[in-house]
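Structural description and commentary
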Amino acid sequence: DAGITQSPRHKVTETGTPVTLRCHQTENHRYMYWYRQDPGHGLRLIHYSYGVKDTDKGEVSDGYSVSRSKTEDFLLTLESATSSQTSVYFCATRGSVEQYFGPGTRLTVT
Amino acid sequence: GENVEQHPSTLSVQEGDSAVIKCTYSDSASNYFPWYKQELGKGPQLIIDIRSNVGEKKDQRIAVTLNKTAKHFSLHITETQPEDSAVYFCAATLSNDYKLSFGAGTTVTVRA
């Protein structure tokens with residue numbers, strides 16, 4: 001456990017609305033990640049950050065944006081939520097090489 | 001990019017028996033292989049990892065083996081207990097890369 005919290009833990013939203021998920025860490029890790037988890041797909045990387053204001057795309061980045069203004073916070077925004085973005089979202093941080101995961105946010109888009 | 005395949009997708013074992021999960025990877029340059037356990041409603045938890053300069057690593061009832069030539073690695077759980085019931089994920093990466101590639105997961109059920 002790398003002192004990672006995610007908020008909210010559960011959210012239901014309507015199609016077309018913007019949604020922001022927050023990840024907060026207390027370990028001062030440089031790297032932070034956002035994954036989504038869907039049945040049969042394991043964990044897929046959405047975006048990651050390698051420092052304040054330094055971010056890059058993962059394999060499933062379409063429809064998502066991120067921001068990191070402080071070392072401890074990494075935000076994931078769904079600009080206009082769609083039903084295909086219903087998923088469980090996990091934040092992770094990287095220590096020397098190991099990645100540690102937060103408790104997840106279950107997002108339902110109706 | 002790296003492609004990781006994991007088998008089986010589900011595994012049911014009798015309490016006290018062993019469980020084995022196998023993963024293959026595509027990029028021969030990968031050199032770091034972690035395993036995660038995910039309990040219902042929680043985030044994945046790192047349980048063991050292995051680097052490519054090591055063929056086997058043990059931690060109490062769990063062990064991981066790596067065959068670099070064949071590009072596969074396995075998780076072994078001995079003397080399974082009900083609390084071992086969970087979803088297990090393997091992953092692979094270059095240790096100086098920053099992105100993990102995950103397998104699709106194995107749901108392990110330990111029958112009492």
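Scroll up a little and you will see the structure.
Okay, so let's go over this structure. Along each chain, numbering runs from 1 in the same order as the chain's sequence is written. By the order in which they are written, chains take letters starting at A while ligands take numbers starting at 1. Reporting in this predicted model follows two pLDDT cut-offs: at least 70 for local features of residues, and 80 or more for side-chain atom pairs to be given and counted; totals over whole chains, interfaces and linings ignore these cut-offs and use all residues. Hydrogen atoms and water are omitted, and side-chain values are computed over all heavy atoms in the structure.

Residues and elements named next belong to chain B. If you trace the five strands from one edge of the open sheet to the other, you get β1-β3-β8-β7-β6, paired in antiparallel fashion. Only two strands of the sheet have a single neighbouring strand rather than two, namely β1 (4-7) and β6 (56-59). Across this sheet, the average inter-strand angle for adjacent strands is 15°, counted without regard to direction. Should DSSP find at least two bridges between two strands, the strands are regarded as paired. Helix and strand assignments come from DSSP, with helices taken as H or I runs of at least 4 residues and strands as E runs of at least 2, each series counted from the N terminus. Of the strand pairs in this sheet, β6 and strand β7 (residues 62-67) are connected by four bridges, and their pairing is antiparallel. Within the sheet, the bridge partner assigned to lysine 57 lies in β7 and is valine 64. Axis definition: a line fitted to C-alpha atoms, limited for helices to the stretch in contact. Angles are taken between N-to-C directions and run from 0 to 180 degrees.

A few words now on the sheet that holds strand β3 (residues 19-25) of chain A. All names here are of chain A. Pairing is antiparallel across the open sheet formed by four strands, whose spatial order is β1-β3-β8-β7. Looking along the sheet, the strands with just one partner apiece sit at the ends: β1 (4-7) and β7 (64-70). On average, adjacent strands in this sheet sit at an angle of 20° to one another, irrespective of strand direction.

As a further point, take the side chain of glutamate 98 of chain A. All names here are of chain A. Mapped onto the secondary structure, glutamate 98 falls in the loop between β9 (87-94) and β10 (99-101). Exposure is judged per residue with a 1.4 Å probe applied to protein chains only, and the accessible area is read against the type maximum: over 50% gives exposed, under 20% gives buried, and values in between give partly exposed. Among the residues examined, glutamate 98 registers a relative accessible area of 15% and is labelled buried. We call two N or O atoms a polar contact when they sit within 3.5 Å, provided that within protein one can donate a hydrogen and the other can accept it, with sequence-adjacent residues counted only if both atoms are side-chain atoms. Here serine 96 takes part through its side chain, which lies 3.1 Å from a polar atom of the side chain of glutamate 98.

Residues and elements named next belong to chain A. When β3 meets strand β8 (residues 73-78), the two strands line up antiparallel, connected through six bridges. Note that in β8 the partner of threonine 20 across the bridge is threonine 77. As paired elements, β7 and β8 share five bridges and run antiparallel to each other. Opposite serine 65, over in β8, you have threonine 77 as the bridge partner. The antiparallel pairing of β7 with β8 creates a hairpin that spans two residues between the two strands.

Moving on, we come to the pattern of salt bridges. We define a salt bridge as a side-chain nitrogen of Lys or Arg found within 4 Å of a carboxyl oxygen belonging to Asp or Glu. Enumeration over the complete set of coordinates arrives at 10 salt bridges over all chains. The closest approach of N and O atoms between glutamate 39 of chain B and lysine 37 of chain B, which form a salt bridge, is 3.6 Å. According to the relative accessible area criterion, lysine 37 of chain B is buried, its value standing at 13%. Arginine 61 of chain B is paired through a salt bridge with aspartate 84 of chain B; the nearest N and O atoms lie 2.8 Å apart. Note that arginine 61 of chain B is positioned in the loop between β6 and β7 and aspartate 84 of chain B in the loop between β8 (72-77) and β9 (86-92), a separation of 23 residues in sequence. The exposure class assigned to arginine 61 of chain B is partly exposed, which follows from its relative accessible area of 23%. Aspartate 84 of chain B gets classed as buried once you look at its relative accessible area, which sits at 6%. By sharing partners, the salt bridges in this structure join Glu98 of chain A together with Asp49, Arg51 and Lys57 of chain B into a single network.

Time to look at the interface of chain A and chain B. In what follows, a contact means two residues having at least one pair of non-hydrogen atoms within 4.5 Å. Listed as interface residues are 19 residues of chain A and, on the opposing side, 19 residues of chain B. When chain A packs against chain B, close to 1,500 Å² is buried across both sides, 59% of that on carbon and sulfur atoms. Two parts lose some accessible area (1.4 Å probe) when they are put together, and adding that loss for both gives the buried area. The largest contributions to the chain A side of the interface with chain B come from Leu43, Val97 and Phe101 of chain A, which together make up 30% of the buried area. If you look at where chain A meets chain B, you find one salt bridge. A salt bridge links arginine 51 of chain B to glutamate 98 of chain A; its shortest N-O distance comes to 3.9 Å. Put simply, chain A and chain B have two residue pairs in polar contact (both at pLDDT 80 or more) between them. Elements that contribute at least two residues to the side of chain A that touches chain B include exactly β4 (31-38), β5 (42-51), β9 and β10 of chain A.

The analysis is restricted to geometry; functional conclusions fall outside its scope.
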